[in-house]
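Overview (structure and organization)
So the chains spell out like this:
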Amino acid sequence: TINGASTLCAGTNLDTLTLTGSVGSIQWESSTTSTSAGFSTVSGATSATFNPTNLNQTTYYRVVLTSGVCTSATSSAVTVTVDAAPVAGTASTSGQSSATQCSGSTAVLTLNGFSGNIQWQSSTTSSTTGFSNITGANSGSYTSGTLTRTTFYRAVVSSGVCASVTSNVVTVNIDSASVTGTISGFVRDPSGAVVPSATITATNVGTSATFQASSDDSGAYTLRTLPVGVYDLAAEVSGFKKYQTRG
């Protein structure tokens, strides 16, 4: 009986295969085909213990026993399963290792050139700490949820019993969404009649920036996409005294 068969990572060595309960001269054989075909003699492997080295694919082993003129006997074959080493690949978003987006958007992450099983991770702490697994993110492409702060992404790639490897980190920088406001109203004379074609000027008290609009035939005006702040308003039209209001 052969003992010691196990699963290992490509390029590593198995500790020891041991033949017990045998009688006769020993010759180890190996095959990469199956447990029943493709066997050939392993040169120099003639003791009860054998150490396979530098295995890169699943390999099958057995022992042929001989004793004088007697017919040889062959042990049952054992399987040493070899898992392929994982390859981390390259992570990116839109083909780049970093991107800057507006708050409230999503990011699409892609991993290329990898080999193995993927687990995407994210962190809002830094590019080196605070990473945790993203539930269900196990394919070569991952679309994030809505982002409101800078987030770092990476992929951990595993393969069987081999040590996992980690891709490069992708940084998605998040800029705060621009916040703007609107000022609207009507221009009327002292009698209450509407005043069309009046020029309305809004002056930002903090920055002195000015914005203008004109009243329409109904006297209505709207100043749109104004930066948030405090404004002074002025209304001017030919034939009327300039009107001003502060704050």
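Provided above is the structure to which this section pertains.
Bear in mind the structure is a predicted one, so any value in this text is a computation, not a measurement. (Residues numbered from 1 in each chain as written. Predicted model: local features only at pLDDT ≥ 70, side-chain atom pairs only at ≥ 80, totals over all residues. Heavy atoms only, no water.)

1. A short note on the overall build of the protein chain
In terms of regular secondary structure, the protein chain is built from zero helices and 24 strands. For the protein chain, whose C-alpha radius of gyration is 38 Å, the value lies well above the compact-globule estimate of 18 Å for 247 residues. Judged by the C-alpha coordinates and their principal axes, the protein chain covers about 130 × 30 × 25 Å. Counting only residues that meet the buried cut, the protein chain has 34% of its 247 residues in that class. Long-range contacts, defined here as pairs at least 24 residues apart, represent 57% of the contacts in the protein chain between residues at least 6 apart. Accessible surface, the protein chain as shown: approximately 13,600 Å² in total, 47% of it carbon and sulfur. Separation of charge centres in the protein chain, based on 8 positive and 9 negative side chains, amounts to 9 Å. (Helix = DSSP H or I, 4+ residues; strand = E, 2+ residues; numbered from the N terminus. Rg over C-alpha atoms; globule rule 2.2 N^0.38 Å. Buried < 20%, exposed > 50% of the residue type's maximum accessible area, 1.4 Å probe, protein only. Contact = heavy atoms within 4.5 Å. Areas by Shrake-Rupley, 256 points an atom, 1.4 Å probe, with all protein chains shown as cover. Lys, Arg positive; Asp, Glu negative; His and termini not counted. Charge placed at Lys NZ, Arg CZ, Asp CG, Glu CD.)

2. Focus: the sheet that holds strand β15 (residues 141–143)
Sheet strands pair via backbone hydrogen bonds, and the direction of the pair is either parallel or antiparallel. As summarised here, the arrangement of the three strands in space is β10-β12-β15, forming an open sheet in which the pairing is antiparallel. Looking at strand neighbours, the two that pair on one side only are β10 (90–92) and β15, the edges of this open sheet. The average undirected angle you get between the axes of adjacent strands in this sheet is 15°. Taken together, the three bridges between β10 and strand β12 (residues 108–112) define a ladder with antiparallel strand orientation. Within β12, the position partnered with Ser92 by the bridge is Thr110. (Pairing = 2+ DSSP bridges. Axes fitted to C-alpha atoms, helices over the stretch in contact; angles between N-to-C directions.)

3. Some details on the state of the cysteines
Per the stated rule, a full pass over the model turns up one disulfide. Across the disulfide from Cys9 sits Cys162; the S-S distance is 2.0 Å. Between Cys9 and Cys162 the disulfide shows an S-S torsion of about 105°. By sign, it is right-handed. Of the two residues, Cys9 sits in strand β2 (residues 7–9) while Cys162 sits in the loop between β16 (151–158) and β17 (165–166), which places them 153 residues apart along the sequence. A single burial state applies to Cys9 and to Cys162, both of which are buried. (Disulfide = S-S within 2.5 Å.)

4. Considerations on the nonpolar core
Judged by nonpolar contacts, the single largest core of 17 residues is most densely connected at Leu17, Trp28 and Tyr61. The next biggest cluster of nonpolar side chains, apart from the first, holds 16 residues, and it includes Ala91, Trp120, Ala137 and Val170. (Core = buried A, V, L, I, M, F, W, Y, C linked by side-chain atoms within 4.5 Å.)

5. Quick look at the side chain of Ser31
With respect to the secondary-structure elements, Ser31 resides in strand β4 (residues 25–31). The buried category is assigned to Ser31, whose relative accessible area is 2%. From its side chain, Ser31 meets the backbone nitrogen of Thr33 in a polar contact 2.9 Å long. When sequence neighbours within four positions are dropped, the list of residues in contact with Ser31 reads Ala37, Gly38, Phe39, Thr59 and Tyr60. (Polar contact = N/O pair within 3.5 Å; in protein donor to acceptor, adjacent residues only side chain to side chain.)

6. Examining unusual backbone geometry
At Asn54, a residue that is not glycine, the phi angle is positive and equals roughly 50°. With respect to the helices and strands, the residue Asn54 is situated in the loop between β6 (49–50) and β7 (59–66). The backbone phi angle of Ser94 is positive, close to 55°, even though this residue is not glycine.

7. Observations regarding the sheet that holds β6
Pairing within the open sheet is antiparallel, and its three strands lie in the order β1-β3-β6. Both edges of this open sheet fall to β1 (2–3) and β6, since each of them pairs with a single strand only. Where β1 and strand β3 (residues 17–19) come together, two bridges link them in antiparallel fashion. Directly across from Asn3, in β3, lies its bridge partner Thr18.

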